[in-house]
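Reading the structure
Each chain is listed here by its residues.
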Amino acid sequence: MRLVLIGPPGAGKGTHCKKLVEKYGLKHLSSGDIFRAEIASGTELGNTAKEYIDAGELVPDHIVIDMMTAAVEKAGDYILDGFPRTVNQAQKLGEALEVKGCQIDAVIELMIDDAVAANRLTQRRVCLQCGGTYHLVNLKPKVDGICDVCGSKLIHRDDDTEEVILSRLETYHKQTEPIVEYYRKSGKKLLQVDAAGEAGKVLDMIIDKIENI
Ligand code: AP5
């Protein structure tokens, strides 16, 4: 199964992907996680990406497309989290898959108000070691500031400041939302889910829609 998960920053893409990966045995391909790993390793790609990420802008298409189509080509069943993020990226992904004789089975869109998303992000804490995601109120770690899974220190992402969050949300509405219409017009199965509720209930709705494909 090949899935694309889209939704604004803070919609819960990373949170739900982790559960879907476990349930369906998928590979989690997150462009944001790949960039953060490159940044942590101090690579040229990471240094370039950081400038855009810190400003709440998209990393240029030519960089992302090469990186993500290479990842997709190596994977079997997967869920794409944060890619594609422009119509051009979606088209290039489609072309790369066509060469391999396969296609995306469904596109899941997580829908949420900007205010709820922004509130979640200002209170999010993440583990850069294992990718664990927490929330200071809704999903607290057992020990303050420490990842339950690997024991590493949790951090507040540099792009989770109020100013950068506003810019990321604006970027999402302008550049990423049009993808939904692109996939609808191209006849892809579009699974739209209200992502504002309690995380377990949102996950159940996503699974329900996947099971009905
Ligand atoms: P990326 O890492 O993909 O960030 P994002 O899309 O902004 O998404 P987030 O990780 O912020 O949010 P999420 O939806 O995963 O929410 P989460 O599950 O953590 O990208 C970062 C940057 O990289 C981009 O801005 C861009 O610059 C660059 N980039 C990446 N891909 C690119 C591409 N394709 N092209 C160009 N540039 C690219 O949840 C958020 C919080 O809410 C957590 O604390 C969580 O615990 C909590 N939460 C989740 N669900 C619920 C719920 N239902 N109820 C209560 N709390 C909840």
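Above this text you will find the structure in question.
The present account deals with the structure reproduced in this document. (Residues numbered from 1 in each chain as written. Predicted model: local features only at pLDDT ≥ 70, side-chain atom pairs only at ≥ 80, totals over all residues. Heavy atoms only, no water.)

Here the focus is the sheet that holds strand E4 (residues 106–111). Ordered in space as E2-E3-E1-E4-E7, the five strands form an open sheet in which the pairing is parallel. The open sheet is flanked by strand E2 (27–30) and strand E7 (189–194), the only strands paired with a single partner. When the angles between neighbouring strand axes are averaged without regard to direction, this sheet yields 20°. Where strand E1 (residues 2–6) lies against strand E3 (residues 78–81), four bridges are found, and the strand directions are parallel. Its bridge partner lying in E3, Val4 is registered against Leu80. Seen against the sheet, helix H9 (residues 199–211) touches E1, E4 and E7 and runs at an angle of roughly 160° to E7. (Pairing = 2+ DSSP bridges. Helix = DSSP H or I, 4+ residues; strand = E, 2+ residues; numbered from the N terminus. Axes fitted to C-alpha atoms, helices over the stretch in contact; angles between N-to-C directions. Contact = heavy atoms within 4.5 Å.)

This next bit is on the environment of Ala90. Examined against the element boundaries, Ala90 turns out to sit in helix H5 (residues 87–100). Separated by 25 residues in sequence, Ala90 and Ile65 place their C-alpha atoms 9.1 Å apart. Residues in contact with Ala90, not counting those within four places in the same chain, are Pro84, Tyr182 and Tyr183.

All chains considered together, the criterion is met by nine salt bridges. In this structure, Asp159 engages Arg168 in a salt bridge whose closest nitrogen and oxygen atoms are separated by 3.8 Å. Note on Arg168: relative accessible area 12%, which makes it buried. Between Arg184 and Glu181 there is a salt bridge whose closest N-O contact spans 3.2 Å. Pair noted here: Arg184 and Glu181 are both in helix H8 (residues 178–185), with a separation of three residues, about one helical turn. (Salt bridge = Lys/Arg side-chain N within 4 Å of Asp/Glu carboxyl O. Buried < 20%, exposed > 50% of the residue type's maximum accessible area, 1.4 Å probe, protein only.)

In this section: the pairing of E1. With respect to burial, E1 is a largely interior element, four of its five residues being buried. Bridging between E1 and E4 involves four bridges; their strand directions are parallel. Across the sheet, Leu3 pairs through a bridge with Ala106, a residue of E4.

Scanning the model with the defined rule gives one aromatic pair in all. Here Lys23 stacks its cationic end above the ring of Tyr24, 5.6 Å away from the centre of that ring. (Phe/Tyr/Trp six-rings, centres within 6.5 Å; stacked < 30°, edge-to-face > 60°. Lys NZ or Arg CZ within 6 Å of the ring centre and 35° of its normal.)

Between helix H2 (residues 31–40) and helix H3 (residues 44–54), whose axes approach to 8 Å, the crossing angle comes to 120°. Of the possible angle classes, the one that applies to H2 and H3 is oblique. H3 is crossed by H2, and the crossing has left-handed handedness. The residues of H3 that touch H2, namely those facing Phe35, Glu38 and Ile39, are Leu45, Gly46, Ala49, Lys50 and Ile53. (Parallel < 35°, antiparallel > 145°, perpendicular 65-115°, else oblique. Left-handed = near helix turned anticlockwise from the far one by under 90°.)

The next point concerns the site of the ligand. If you check the shell around the ligand, you find 36 residues, and the closest are Thr15, Glu57, Arg85, Arg124 and Arg168. One of the side-chain nitrogen or oxygen atoms of Arg120 is found 3.2 Å away from a nitrogen atom of the ligand. The separation between an oxygen atom of the ligand and a polar side-chain atom of Arg168 is 2.5 Å. When the free accessible area of the ligand is taken as 1000 Å², the share hidden by the protein chains comes to 96%. The residue makeup of the shell around the ligand, split by class, is 14 nonpolar, twelve polar and ten charged. (Near = heavy atom within 4 Å. Polar contact = N/O pair within 3.5 Å; in protein donor to acceptor, adjacent residues only side chain to side chain. Areas by Shrake-Rupley, 256 points an atom, 1.4 Å probe, with all protein chains shown as cover. Nonpolar A, V, L, I, M, F, W, Y, C, P; charged D, E, K, R; others polar.)

With twelve residues, helix H1 (residues 13–24) extends 16 Å between its outermost C-alpha atoms, agreeing within 8% with the 16 Å of an ideal straight helix rising 1.5 Å per residue. Those residues of H1 that sit buried are Lys13, His16, Cys17, Leu20 and Val21. Buried residues in H1, looked at end-on, bunch into an arc of 140°, giving them a common side. Packed against the buried residues of H1 are E1, E2, E3, E4 and H9. In the segment just after H1, Gly25 is the residue with positive phi, at about 65°. (Expected span 1.5 Å × (residues − 1). Arc of directions from axis to C-beta.)

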